[in-house]
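Structure assessment
What follows is the residue order along each chain.
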Protein chains: 2
Amino acid sequence: MPKNTLLLALVQHPCTQDYQDNLDRSFAGIRNAAAKGAKLILLQELHTAHYFCQQEQAAYFDLAESIPGPTSEQLGHLAQELDIVIVASLFERRAAGLYHNTAVVLERDGSIAGRYRKMHIPDDPGYYEKFYFSPGDMGFTPIQTSVGKLGVLICWDQWFPEAARLMALAGAEILLYPTAIGWDADDDHAEQQRQYHAWRTVQQGHAIANGIPLAACNRCGIEQADDHHSQIQFWGGSFVADPQGEILAEAPTDSAHVLLVELDRSRSETVRRIWPYLRDRRIDAYADLSLRYRDAEDGEKTDAP
Amino acid sequence: MPKNTLLLALVQHPCTQDYQDNLDRSFAGIRNAAAKGAKLILLQELHTAHYFCQQEQAAYFDLAESIPGPTSEQLGHLAQELDIVIVASLFERRAAGLYHNTAVVLERDGSIAGRYRKMHIPDDPGYYEKFYFSPGDMGFTPIQTSVGKLGVLICWDQWFPEAARLMALAGAEILLYPTAIGWDADDDHAEQQRQYHAWRTVQQGHAIANGIPLAACNRCGIEQADDHHSQIQFWGGSFVADPQGEILAEAPTDSAHVLLVELDRSRSETVRRIWPYLRDRRIDAYADLSLRYRDAEDGEKTDAP
């Protein structure tokens, strides 16, 4: 029996404020990966732009575009030319005053297989995303493609086990996260390392808890906000984990990289047979997951001093 | 301001088929830890018995006892004598033909602060727990004690992000897992290592996703089933992770150990301020977590080949 494999590639690169320069880098990485046989390619979050969310500026809404639109069309042509599936991440303009952080999946025939609008939106110093992106309204729905059912999520989503689980329950065969995350120079080395390892570990945990592989593609390079009040060193480190959470491959933290990984598509079946979590979930006892907090009924302070 | 710390201890040891011998080991570990200042002590799963679930034998129901009962009373006396809180794990007889895998928490005054009945019950070769234990019917409710609100879960629960999340949403300040997990000699070294690391990683992920520390206390030693058809090498490795998932301390995989860890109780507040996941959970979109599976509406096969 032939081995049932899928060659996946992650394209990690730094970004500038030049749209064409960024797109050229993504395209070069895609062509490089396709030449080596990759059939599924994951790009980093907002790969055509610098990370403009370091400050709140209405002028940056000019960077948004419709989907389908100029970038998704170029990506579609490339997907068709190279006979590959591409998961891209764009700043979507849906209507005047209504924007999303959206991943779009291009099929091998150049068509749009589907899109995912980032559901969990962060807002922290240097990551003012709630200003730019309306929370997604399409739920956690995997996208069916010719290379499998893709559980596409985006960046901040990666910290939420609920998102990964809902994708797995809907039949996602792999979790894919375009990402933009980095270090704050004000944090010391130990704190930076804790953050980096926590970012990897929590995602490895999603792979394990759901018995499916997971890939995260992060940008690299240092970007400074226009007002010079903020600077992020994006930590690269794009990686792929298998259904037991093992890191199969990882990119460097500080330079552009095309990461190629051969996935054994039969592995999930094997792992889920020995660790059948889906069999044993206590669905009769999970209703409170839809609460913001399980406040004590008698007004008792539940979060002790 | 005085540092707000809690000295936690995990007591890891091998077990025999001799109840008194096992209890003596637990008690010796508890006394050792208390002498060093520990205020909260976590024991391993079913610490008074060998891991009888390697085979299905009705006679083993003789090992069960009521709570309160002889063992919980002895543990209560010890908690009172040493002025500590103990999290123990017992085979609970609730009624004829109705048994649970239960953790009981003994308060510093010797009283029972609360109990948790294991919600997720495994059943795999060598771990025939569905034969012995009825699934818990008390939900995921933390137990308030004089040393904090404890999110007590048990073994198989550790693979389910839902359990950890529900405890955190109810105000748990720490997750505590009595555990009995080990290696099957039929698996090769690489597979054994993947399992061991997956076990640690998925739990580190719960600490990270919820911004609270986590401790898992596992037994060690090799135990053979009476019928000689099964043998488990329990992998010890009891550990404590901080709210960012960092391993603060770990026990050896092959020998008894009392693991002491000083927890900084202000750390969760700090970590949750920089990573405010509870703020951003999409509770409007989590309802399907209460489904067994999100089957495709049109009968499409969602789990592709």
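Refer to the structure presented above.
First, a word on what this report is: a plain description of the structure on this page. (Residues numbered from 1 in each chain as written. Chains lettered and ligands numbered in written order. Predicted model: local features only at pLDDT ≥ 70, side-chain atom pairs only at ≥ 80, totals over all residues. Heavy atoms only, no water.)

All names here are of chain A. With respect to the helices, strands and loops of the structure, Trp199 is situated in helix α5 (residues 189-210). Measuring from C-alpha to C-alpha, the distance between Trp199 and Ile181 comes to 9.1 Å, with 18 residues separating the pair along the chain. Sequence-distant contacts of Trp199, defined by excluding residues within four places in its chain, comprise Gln158, Trp159, Thr179, Ile181, Ala216, Asn218, Trp235, Gly236, Gly237 and Phe239. Within the structure, Trp199 has its side chain in polar contact with the side chain of Gln158 (distance 3.5 Å). (Helix = DSSP H or I, 4+ residues; strand = E, 2+ residues; numbered from the N terminus. Contact = heavy atoms within 4.5 Å. Polar contact = N/O pair within 3.5 Å; in protein donor to acceptor, adjacent residues only side chain to side chain.)

For the pair chain B and chain A, the relating rotation is 180 degrees, the translation along its axis is 0.0 Å, and the fit reaches an RMSD of 0.0 Å. Overall, the copies show the geometry of a two-fold rotation axis. Residue Gly205(B), judged by its C-alpha, is the member of chain B lying nearest the rotation axis, at 2.6 Å. Mapped onto chain A, 100% of the interface residues of chain B again fall at the interface, so both copies present the same surface. (Least-squares fit on C-alpha atoms with pLDDT ≥ 70 in both.)

On to the environment of Arg31(A). Residue and element names in this part refer to chain A. Here Arg31 shows up in helix α1 (residues 19-35). Overall, Arg31 belongs to the partly exposed group, its relative accessible area being 38%. A sequence separation of 51 residues divides Arg31 from Leu82, and the C-alpha atoms of the two residues are 7.7 Å apart. Residues contacting Arg31, with those up to four places away along its chain left out, are Leu78, Glu81 and Leu82. (Buried < 20%, exposed > 50% of the residue type's maximum accessible area, 1.4 Å probe, protein only.)

Among the residues of helix α6 (residues 267-274) of chain B, Arg267(B), Ser268(B) and Val271(B) are the ones counted as buried. Down the axis, α6(B) shows its buried residues gathered within 95 degrees of arc, on one side only. Looking at the buried positions of α6(B), the neighbouring elements they touch are α5 of chain A together with β15 (257-264) of chain B. (Arc of directions from axis to C-beta.)

The next subject is the interface of chain B and chain A. On the side of chain A, 65 residues touch chain B, which itself brings 65 residues to the contact. In this assembly, chain B packs against chain A so that about 6200 Å² is buried in total across both faces, 54% of it on carbon and sulfur atoms. If you sort the residues of chain B by the area they bury against chain A, Leu289(B), Arg292(B) and Arg294(B) come out on top, with a joint share of 11%. Viewed at the interface, chain A and chain B are joined by 8 salt bridges. Among the elements of the structure, α4 (161-169), α5 (189-210), α6 and α7 (277-280) of chain B are those that each provide at least two residues to the side of chain B that touches chain A. If you tally residues by element for the side of chain B that touches chain A, the top one is α5(B), at 10 residues. (Buried area = accessible area lost by both parts, 1.4 Å probe. Salt bridge = Lys/Arg side-chain N within 4 Å of Asp/Glu carboxyl O.)

This paragraph deals with the sheet that holds strand β12 (residues 231-235) of chain A. Residue and element names in this part refer to chain A. Judged by pairing direction, the sheet is antiparallel, and its 3 strands sit side by side in the order β9-β12-β11 without closing on themselves. Edge positions in the open sheet fall to β9 (182-183) and β11 (220-224), since each of these has one partner strand only. Two elements, β9 and β12, share 2 bridges in a ladder whose sense is antiparallel. In the sheet register, Gly182 faces β12, and the bridge partner there is Phe234. (Pairing = 2+ DSSP bridges.)

Before going further, it helps to spend a moment on the side chain of Glu65(A). By secondary structure assignment, the location of Glu65(A) is in the loop between β2 (40-43) and α2 (70-82). Of the polar contacts made by the side chain of Glu65(A), one reaches the side chain of Thr71(A); its length is 2.3 Å.

This paragraph deals with the packing of aromatic side chains. Residue and element names in this part refer to chain A. Taken as a whole and judged by the stated rule, the model has 56 aromatic pairs over all chains. Their ring planes at 25 degrees and their centres at 6.1 Å tell us that Tyr196 and Trp199 sit as a pair that is stacked. Of the two residues, Tyr196 and Trp199 both sit in helix α5, 3 residues apart, roughly one turn of that helix. For the pair Tyr196 and Trp199, one class covers both residues: buried. (Phe/Tyr/Trp six-rings, centres within 6.5 Å; stacked < 30°, edge-to-face > 60°.)

What follows is about the pairing of β2(A). Residue and element names in this part refer to chain A. Alternating residues of β2 divide into Leu40 and Leu42 and Ile41 and Leu43, and every residue in both groups is buried. Here strand β1 (residues 5-12) pairs with β2 via 4 bridges, running parallel. Among the inter-strand pairings, Ala9 is bridged to a residue of β2, identified as Ile41. What joins β1 to β2 is α1, and the crossover it makes is right-handed. Pairing geometry for β2 and strand β3 (residues 85-95), over 3 bridges, is parallel. (Right-handed = clockwise from strand over helix to strand, strands pointing away.)

All names here are of chain A. With 13 residues, α2 extends 19 Å from end C-alpha to end C-alpha; this agrees with the ideal 18 Å at 1.5 Å per step. Listing the buried residues of α2 in full gives Thr71, Ser72, Leu75, Gly76, Leu78 and Ala79. Looking down the long axis of α2, one finds its buried residues gathered within 165 degrees of arc, a one-sided arrangement. Of the exposed residues in α2, those oriented more than 90 degrees away from the buried face are His77 and Glu81. On its buried face, α2 is in contact with α1, β2, β3, β4 (98-106) and β5 (112-117). Just downstream of α2, Asp83 is the residue with a positive phi angle, here 60 degrees. (Expected span 1.5 Å × (residues − 1).)

Before going further, it helps to examine unusual backbone geometry. Residues and elements named next belong to chain A. Omega for the bond connecting Ile67 with Pro68 falls within 30 degrees of zero, at 0 degrees, which places this linkage in the cis form. For Pro68, the position within the fold is in the loop between β2 and α2. We note that His228 has phi near 60 degrees; this positive angle belongs to a residue other than glycine. On the accessibility criterion, His228 (58% relative accessible area) is exposed.

All right, on to the pattern of salt bridges then. Any two side chains of opposite charge can pair, so long as their charged atoms come close to each other. Counting across every chain of the model gives 44 salt bridges over all chains. Of the charged contacts in the structure, one is a salt bridge between Asp280(B) and Lys130(A), with a shortest N-O distance of 2.7 Å. Placement of the pair is Asp280(B) in helix α7 and Lys130(A) in helix α3 (residues 129-132), with the two residues belonging to separate chains. For Asp280(B), a relative accessible area of 7% translates into the label buried. What makes Lys130(A) partly exposed here is its relative accessible area of 40%. Notably, a salt bridge pairs Arg165(A) with Glu162(B), separated by 2.7 Å at the nearest N-O pair. Highlighted residues: Arg165(A) in helix α4 (residues 161-169) and Glu162(B) in helix α4, drawn from two different chains. Look at Glu162(B) and you get buried, because its relative accessible area is 4%.

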